[in-house]
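Residues per chain, in single letters:
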Amino acid sequence: MVQGITGRAGRTQTRWMLDYGTNIVAGVTPGKSGEVVEGVPVYDTVAEAVQKQQVEASVFFVPPPATKQAAFDNIDAGVKLIVVVTEHVPIQDVMEIREHVNGRPIQVIGPTSPGIITPGEAKIGILPANMFSPGRIGVISRSGTLSYEVSINLAKGGYGQSTVVGIGADPVVFTNMPEILRLFEKDPGTDAVVIVGEVGGIQEEKAAEYIDRWMTKPVVAYIAGINAPAEKRMGHAGAIIQGDGKGTPQSKIAALREVGVDIAEHPSQVVELIRKHLG
Amino acid sequence: MLENNPMRLYEFEGAELFRREGIPIPASALASNPAEAREKAAQVGLPVILKAQVLTGGRYLAGGVHSADNLDQVEEMSRRVFNSRIRGLPVERLMVAHKVDGEREYYLAITPDDYNGYPVAILSAEGGVAINTTARQRPEVLVSHPLSISKGLSLDEALQMSSEVKLSGTEHAEIASVLFKLYQVFRKYDATIAEINPLVRTRDGRFLALDSKVEIDDSSLFRHTDLNLNQQSRMLNPLERKGKEIGVTYVELDGDIAMISSGAGLGMATMDVIGQRGKAANFLETGGGISADLLYKVMDLVMQKPGLKALFINIYGGINPIHEGAQGVARYLKEHDVKIPIVAKALGNHQEETWEIFKAAGIHVVDGVSTEDGIDLLMGLIGK
């Protein structure tokens, strides 16, 4: 199901997802019920769409002010996988949506996510199809554009991807990195995982803890932002919660190295590191 | 840094939000020149504290905070502050606040725990500039509670926190009440941080917030138009301000290789790769809003920095129609006499179309698929 299917991005991306083989059964835009976009029927509400069609996943192209309500509607309708592509969703709305899931078996990804692709099968989101090819490497990325960069380079080096997940680079995201690591660890189609991280937050530090305790598959990483201008100071409260000195590229690289994760110095170097593990 | 830059408020703006929610603050007024400072000091009552209104922490150590006992002193001190720069920032306004003698200092804050995705309330029975050290060395004076964003911070929970840091008597209830109100500031105005450091108890038993640190989530500004917060005016660098105006993130750097990217992560990676062989002149990322018009304006922006040796364009067609963006770049080059080499790596949807447009405009299009390939080509062109 495509939320915001009648907008420019919604229409274009719906066509590309259909071309790629994604089964799109419904679109939702309030006030546009009865329209058909790229052969997909449009409904006014999520409730109407899930009643008429069997919906398992949903992708958002709605503007930031409308994202919270749309997410609540999808969660309440029991949609199992929700991918929020929308950028600039207010942080407190993200926190409300995350709380609204409240233990239900619903996976929300984003915001500012490029989406999820299982190359050769289907994609949910905006990832450009020609950057990906089928294979056995899992990719988790905070950045959309870098997930494309790393995937096309992997493919060129002979390594296709089992699945690529863009979790989004906002300060608060719906699904943290360790949860995606967990899914790749138990996925029989994945042999190794690439983490694409960046400066800020503690996703990579938490990923390192998870890898140390639970991962048996090899993991390699690239962390963007070594030369980024110094970040705005975290402030006292941030330091009290996260711990002093976390969030820098150096802290992330050290945490990952300590648990045996090889670090690429530039994006395309992940290919050599993967080759080292898989031959 | 690059995607969600919270907007930091001036102390007086934060204090105004405190006042609206009923958090007690000392009598104060703003002045924009020494004569006005004198006048306001007489109104708020001597002695006074003069505080430079600049968007940086550490103002006290940088010479931005002074006390004055009489009006001549007020005028002299404020002249000195107006003529100075505080951590490089010019001083346009002074806050003239009645000086309060505190007997005891507390620290209060509400901020999201980003990783766990919920707000956290923090209360320390000892505040002041050494709060980080206090938190590390004597964790027992400080308590933090995770909160439900839908339920918020109840007065009961605030009282409980007050008990946990062993406050008693009037101070127990008063501090809890301020913490409760601070949560209202956090929630009502989409703050990414609402902090009081210090809150003091005065000799005559009042509780006053002597400083405010409030940052507002800039993604939420669409619902806070009443606050009249002008983001552009806070950016002192003219090129960075221009970037904000056209809707992109531009950060000026001190190198000579200009850069345009279509995402923050890609932009940072590009800077990292440039940094291995040279120095970037800027960071620029467009986000998902590329159009011909936007990239025309972006070209106009990055080319304004003097002394450039080359430009690297690194863009992906995911949600962005890069073939349209390329038209904007081509139009800019047709209308302007650009002498430096331009290298472009453009991949994704509409990549072949984009390459044709770039090539016709005299741009070197990268053959490979990595940013490193692009920088190799670029360094070759400028003989590095």
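What you see is a predicted model, and the numbers here were worked out from it, not measured in a lab.

Participant: So what's going on with the overall build of chain A? Residues and values would help.
Facilitator: Counting its secondary structure elements, chain A contains ten helices and 14 strands. Taking 19 Å as the expected radius of gyration for a compact globule of 279 residues, we find that chain A reaches 19 Å, a close match to that expectation. Across the 279 residues in chain A, those meeting the buried criterion constitute 54%. Counted over contacts in chain A with a minimum sequence separation of 6, partners at least 24 positions apart contribute 71%.

Participant: Can you explain the overall build of chain B? Please cite residues and give values.
Facilitator: Helices and strands together make up the secondary structure of chain B, namely 13 helices and 19 strands. Dimensions of chain B, computed from C-alpha atoms along their principal axes, come out at roughly 75 × 50 × 40 Å. Long-range pairs, those at least 24 residues apart, make up 67% of the contacts in chain B with a sequence separation of at least 6.

Participant: Which residues make up the interface of chain A and chain B, and what are the values?
Facilitator: Across the contact, 61 residues belong to chain A and 59 residues belong to chain B. Listed by contribution, the elements that provide at least two residues to the side of chain A that touches chain B are helix 3 (64-76), helix 4 (91-101), helix 5 (144-156) and helix 8 (235-242) of chain A. With eight residues, helix 5 of chain A is the largest single contributor of residues to the side of chain A that touches chain B. Residues of the side of chain A that touches chain B, tallied by class, amount to 29 nonpolar, 18 polar and 14 charged.

Participant: Which residues make up the domain arrangement of chain A, and what are the values?
Facilitator: All names here are of chain A. Looking at the assigned domains, one finds that chain A contains domain 1 (2-109) and domain 2 (115-278). Computed over C-alpha atoms only, the centres of domain 1 and domain 2 are separated by 25 Å. In this assembly, 18 residues from domain 1 lie in contact with 16 residues from domain 2. At the level of secondary structure, the elements contributing two or more residues to the side of domain 1 that touches domain 2 comprise helix 1 (8-20), strand 5 (57-60), helix 4 and strand 7 (107-109). With five residues, the top contributor of residues to the side of domain 1 that touches domain 2 is helix 4. Along the lines of polarity and charge, the residues of the side of domain 1 that touches domain 2 split into 13 nonpolar, four polar and one charged.

Participant: Please provide a residue-by-residue account of unusual backbone geometry, values included.
Facilitator: Glycine aside, a negative phi is what most residues show, and trans is what most peptide bonds show. With omega at -5°, the peptide bond leading from Gly110 of chain A into Pro111 of chain A counts as cis. Turning to its location among the elements, Pro111 of chain A is positioned in the loop between strand 7 and strand 8 (115-118). For the bond running from Leu46 of chain B to Pro47 of chain B, omega is -10°, close enough to zero to count as cis. Within the secondary structure layout, Pro47 of chain B lies in the loop between helix 2 (34-44) and strand 3 (48-52). Non-glycine residue Glu38 of chain A carries a positive phi angle of around 50°. By secondary structure assignment, the location of Glu38 of chain A is in the loop between strand 3 (36-37) and strand 4 (40-43). Phi angles above zero are rare outside glycine, and Asn228 of chain B is one such case at about 50°.

Participant: Now, about the sheet that holds strand 3 of chain B: what can you tell me, with residues and values included?
Facilitator: All names here are of chain B. On the basis of which strands lie adjacent, the open sheet formed by four strands has the order 2-7-3-4 and antiparallel pairing. On the outer flanks of this sheet lie strand 2 (28-31) and strand 4 (65-68), each paired with one strand and no other. Across the sheet, the mean angle from the axis of one strand to that of its neighbour is 25°, orientation sign disregarded. By the bridge criterion, four bridges tie strand 3 to strand 4 in an arrangement that is antiparallel. The partner of Val48 across the bridge, within strand 4, is Ala68.

Participant: Which residues make up the confidence of the model for chain B, and what values go with them?
Facilitator: Scored by pLDDT, chain B comes out at a mean of 94, with 99% of its residues at no less than 70. Prediction confidence for the complex, expressed as pTM and ipTM, is 0.95 and 0.95 respectively.

Participant: With reference to specific residues and values, describe the domain arrangement of chain B.
Facilitator: By domain assignment, chain B separates into domain 1 (27-98), domain 2 (101-227) and domain 3 (235-381). The C-alpha-based centres of domain 2 of chain B and domain 3 of chain B are spaced at 43 Å.

Participant: I'd like to hear about the environment of Gly263 of chain B, residue by residue, with values.
Facilitator: Position of Gly263 of chain B relative to the elements: it lies in the loop between strand 15 (257-261) and helix 9 (264-277). Among the residues examined, Gly263 of chain B registers 31 C-beta atoms within 10 Å and is labelled buried. Separated by 21 residues in sequence, Gly263 of chain B and Leu284 of chain B have C-alpha atoms that sit 8.6 Å apart. The residues touching Gly263 of chain B, leaving out its near neighbours within four places in the chain, are Ser143, Gly144 and Thr145 of chain A together with Glu285 and Tyr316 of chain B.

Participant: Pulling in residues and values, what's your account of the sheet that holds strand 11 (residues 161-166) of chain A?
Facilitator: Residue and element names in this part refer to chain A. Strand order in the open sheet made by the seven strands is 9-8-11-10-12-13-14, with mixed pairing throughout. In this open sheet, the two strands that pair with only one neighbour each are strand 9 (122-125) and strand 14 (262-264). The sheet shows a mean angle of 20° between the axes of neighbouring strands, taken without regard to direction. As defined by bridge partners, strand 12 (residues 192-198) adjoins strand 13 (residues 219-224) across six bridges and the pair is classed as parallel. Residue pairing for strand 13: Val193 is matched across the bridge by Val219. Its contacts with the sheet place helix 5 against strand 10 (134-141), strand 11, strand 12 and strand 13, and it is angled at close to 155° to strand 10.

Participant: Tell me about the packing of helix 8 (residues 238-246) of chain B against helix 10 (residues 292-302) of chain B, and please be specific about residues and values.
Facilitator: Residue and element names in this part refer to chain B. Across the interface, helix 8 lies against helix 10 with an axial gap of 10 Å and an inter-helix angle of 175°. As judged from the angle between their axes, helix 8 and helix 10 are roughly antiparallel. On helix 10, the residues that touch Leu239, Lys242, Gly243 and Ile246 of helix 8 are Leu294, Lys297 and Leu301. For the contact of helix 8 with helix 10, the per-class residue count stands at four nonpolar, one polar and two charged.

Participant: So, the pairing of strand 16 (residues 282-285) of chain B: which residues are in play, and what are the values?
Facilitator: Residues and elements named next belong to chain B. Residues Asn282 and Leu284 point to one face of strand 16 and Phe283 and Glu285 to the other, with burial holding for every one of them. Here strand 14 (residues 249-252) runs beside strand 16; their pairing, made up of four bridges, is antiparallel. Pairing of Glu252 across the sheet is with Asn282, part of strand 16.

Participant: Let's hear about the pairing of strand 5 of chain A: which residues, and what values?
Facilitator: All names here are of chain A. As paired elements, strand 1 (residues 2-3) and strand 5 share two bridges and run parallel to each other. Within strand 5, the residue paired with Val2 across the bridge is Val59. Pairing of strand 5 with strand 6 (residues 81-84) involves four bridges; the strand directions are parallel. Of the residues in strand 6, the one forming a bridge with Ser58 is Ile82. A crossover links strand 5 with its parallel partner strand 6, the connecting element being helix 3, and its sense is right-handed.

Calculation rules
Residues numbered from 1 in each chain as written. Chains lettered and ligands numbered in written order. Predicted model: local features only at pLDDT ≥ 70, side-chain atom pairs only at ≥ 80, totals over all residues. Helix = DSSP H or I, 4+ residues; strand = E, 2+ residues; numbered from the N terminus. Rg over C-alpha atoms; globule rule 2.2 N^0.38 Å. Buried ≥ 20, exposed ≤ 12 C-beta atoms within 10 Å, placed from the backbone. Contact = placed C-beta atoms within 7 Å. Nonpolar A, V, L, I, M, F, W, Y, C, P; charged D, E, K, R; others polar. Domains from an automatic or database assignment. Pairing = 2+ DSSP bridges. Axes fitted to C-alpha atoms, helices over the stretch in contact; angles between N-to-C directions. pLDDT = per-residue confidence, 0-100. Parallel < 35°, antiparallel > 145°, perpendicular 65-115°, else oblique. Right-handed = clockwise from strand over helix to strand, strands pointing away.

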